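Structural overview
Listed here are the chains, written in short residue letters.
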Amino acid sequence: MKRVMSLETINQQVVKFEYAVRGRIAIRAEELRNQLQNQKLPFGQITNCNIGNPQQLQQKPITFFRQVASLVEYPDLMREPLISKIKDIYPPDTIQRAQELLKAVGGSIGAYSHSQGVPLVRERIAKFISERDGYPSSPDDIFLTAGASPGVQAVLQCLIANKNVGIMIPIPQYPLYTASIAMFGGQSVFYYLDESKEWGLDLEQLKQSLQEAKQKKLDVRALCVINPGNPTGQCLHESAMREIVKFCEQEKLVLLADEVYQTNVYQQDLPFVSFKKVVRSMNSSVELISFHSVSKGMVGECGRRGGYFECVNIDPQVKEMLYKIASVSLCPPVNGQLMVENMVNPPKKGDPSYALYQQEFSSIFESIKRRATKLAKAFNELEGVSCNSAQGAMYLFPQIRLPEKAVQEARKQQMEPDEFYSMALLEATGVCVVAGSGFGQKQGTHHFRSTFLPPEDQMDGFISKIKVFHSEFLNKYR
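Our subject in this report is the structure included herewith.

Considerations on the sheet that holds strand 14 (residues 448-451)
- Read from one edge to the other, the open sheet built from 3 strands follows the order 10-14-13, with strand pairing classed as antiparallel. The strands lining the two open edges of the sheet, one partner per strand, are strand 10 (395-396) and strand 13 (434-435).

Observations regarding the sheet that holds strand 5 (residues 219-226)
- Strand order in this open sheet of 7 strands is 2-8-7-6-5-3-4, and the pairing throughout is mixed. Either end of the sheet is taken by a strand with one partner, and the two such strands are strand 2 (142-145) and strand 4 (187-192). Shown here is a sheet whose adjacent strand axes are inclined to one another by a mean of 20°, direction ignored.
- Relative to the sheet, helix 7 (residues 148-159) contacts strand 2, strand 3 (165-171), strand 5, strand 6 (254-258), strand 7 (288-293) and strand 8 (307-312), its axis offset from that of strand 7 by approximately 160°.

Considering empty space enclosed by the protein
- Under the definition given, this model contains 3 cavities of 30 Å³ or more.
- Considering only enclosed or pocket space, the largest cavity measures out at about 70 Å³ in volume.
- The wall of the largest cavity is formed by Val68, Ala69, Val72, Glu73, Leu101, Arg304, Asn335, Leu338, Met339 and Asn342.
- When contributions to the lining of the largest cavity are tallied by element, the ones reaching two or more residues are helix 3 (63-73) and helix 13 (334-344).
- Looking at the lining of the largest cavity residue by residue, the classes come out as 6 nonpolar, 2 polar and 2 charged.
- Quantified by volume, the second largest cavity comes out at close to 50 Å³.
- Residue lining of the second largest cavity: Ile129, Arg132, Glu259, Gln262, Ser290, Phe291, His292, Tyr308 and Glu310, and that is the complete set.
- Put simply, the parts of the chain that give the lining of the second largest cavity at least two residues each are helix 6 (119-133), strand 7 and strand 8.
- Broken down by element, the lining of the second largest cavity gets its largest block of residues, 3 residues, from strand 7.
- Per-class residue counts for the lining of the second largest cavity are 3 nonpolar, 3 polar and 3 charged.

What about the packing of aromatic side chains?
- This structure, assessed with the given rule, holds 18 aromatic pairs.
- Ring geometry for Tyr421 versus Phe448: centroids 6.0 Å apart, planes at 20°, classification stacked. Note that Tyr421 is positioned in helix 16 (residues 417-429) and Phe448 in strand 14, a separation of 27 residues in sequence.
- By relative accessible area, Tyr421 is classed as buried at 1%.
- By relative accessible area, which is 3% here, Phe448 ends up buried.
- Geometrically, the ring pair formed by Phe469 and Phe473 is tilted, given 5.6 Å between the ring centres and 40° between the ring planes. Of this pair, Phe469 and Phe473 both sit in helix 17 (residues 459-477), 4 residues apart, roughly one helical turn.

Side note on the pairing of strand 5
- In terms of burial, strand 5 is largely enclosed, as 6 of its 8 residues are buried.
- As defined by bridge partners, strand 3 adjoins strand 5 across 4 bridges and the pair is classed as parallel. Its bridge partner lying in strand 5, Val165 is registered against Asp219.
- With 5 bridges joining them, strand 5 and strand 6 adopt parallel strand pairing. Opposite Ile226, over in strand 6, you have Asp258 as the bridge partner.

About the thresholds
- Residues numbered from 1 in each chain as written.
- Predicted model: local features only at pLDDT ≥ 70, side-chain atom pairs only at ≥ 80, totals over all residues.
- Heavy atoms only, no water.
- Pairing = 2+ DSSP bridges.
- Helix = DSSP H or I, 4+ residues; strand = E, 2+ residues; numbered from the N terminus.
- Axes fitted to C-alpha atoms, helices over the stretch in contact; angles between N-to-C directions.
- Contact = heavy atoms within 4.5 Å.
- 1 Å grid on protein atoms, 1.4 Å probe; cavity = no way out; pocket = protein on both sides within 12 Å on 5 of 7 lines; lining within 4 Å.
- Points joined across faces, edges and corners; volume = space filled by probe spheres on them.
- Nonpolar A, V, L, I, M, F, W, Y, C, P; charged D, E, K, R; others polar.
- Phe/Tyr/Trp six-rings, centres within 6.5 Å; stacked < 30°, edge-to-face > 60°.
- Buried < 20%, exposed > 50% of the residue type's maximum accessible area, 1.4 Å probe, protein only.

Here's what the structure looks like:
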C-alpha cells in the first residue's frame, strides 16, 4: 500500500536535520536499558552522560520548589481539614507562595494562562533581571516558554524569512541550532571556537566567517552566542562580550544570547555577566534576545519545561509577531511557568525556608564543581586525550586522538570515528556520551561530550570503567 506520508513525501527539511544528543547512540542506550531488565550485560546500568538532565542522574530537587509545586497541584492541602495536618511539613512561606501563585493563575494550574505567560511570573522575572543587571526590565518584554528551546525556535522562525538567511552559530555548538535552522530552511554560518585558548571566541574568526558568508550572497541576520558554553563549558570575559556587541552593531546583526547555564559558573575570576547588562552599559542599540531555563543550574527541573526569553531593543511590531507564534500553542505549561517564578524568586534571608534552600543550593553547586574538576583530570590522564577544564555549564568536551586502524574501521561501518568510539564505549560500559561530530568540530579532530552529572559517590567507578575501556580500545586498534 502506498502511503500518503513516507520519507519521500514528508518535509525534506525534517528528514535531513540531525539532533545528536538524542541520536543513534542515545537510541541504542535505551535499547540496552530495556535488555538489562531480563538479560545480563557487561554493565549493570546505563549512565546517561549524553544530556544535561540532572535529576535523571539523582540530583536532589530543591525542597522549597517541590513543596510549592505540590501545593499548587493539590490546593486542598491548604484548606481545612488538611492544612492543620501539613503545617509541620510545609513551612509557612511555602503555603503563602502557593496561595499567591494560585491566585495569579485564576485558582488552578489546569487552566490556560496568558499566551505570553502569567503576568505575575513575568513581573517577577523582570524584577530578577533588574536586580541581577542593575538596569530596568519590563514584563512586556518577557515571554514564558516551555523550556528555552521553543523560545530559540520561535525567534529563528521569525528571523529566517527565506532560504538565503544565514544565522551565525559557534562550532562546536548545541545541535538545537543547526537542527532548527535547517528545519526552518535557513543557512548555518559557522564560526569556530579556539580549543587551544580554552574554547575562546576570537573576533577575527567572527569577521572571517561573516565575510565568507557574504561572499556566498547570504543574508546574515543574527549571531548566536552560548555563554556559558555548550558543549565546551567556556565562559566569556566581559571585554570579549563588549567586542561582540560592537561587532553586532557594526554588522547589523541580532544578538541571540543563550544564557541557560548562568548559575553554573565555577571560576571566581570569570563571573557570569549577562549580555543585557553589557548592552545597556554600552548604551547600545543592538537587538538582543536572551534565553534562560529551569532545566539547568541547581534547579535541574528539565521535565517541567519552563523557560523564558527577554527582548531588548526589539521592534514592537516584531514582538507582536512573537506573541502570535506563542498564541498558536495557547500557553506554555503552567507548572513550568511557576517553577520559573520559584527560580527567579527563591526564599530570601529571614524566610522560614531560606536556610534549607541555601544549604541545598550550595551543596549541589559545590558537588558539581568537584565532579567537573575530577572528571577533567581523569580525561587528561587518558592516553591521547586532552580536555579543557569546565569554566561553566555541565559538560566536558575532550579531544581524543584515535589510532588510524580505528578511524578506518569507523569508515567501514559508515560512522564518524568519534561516533564509533562513543558507541563502543556504550556497548562496553553502559556510559552514554555524544560524539563530537554531532556538535561540529575542526576537520581532522575527534571529540565527545560528557556531562559531569553522575552522582558523586559513583564518580570513581564511572571513571574507572572509562579508563579500562579506553586502554582496551587503543590496544585493539594500534
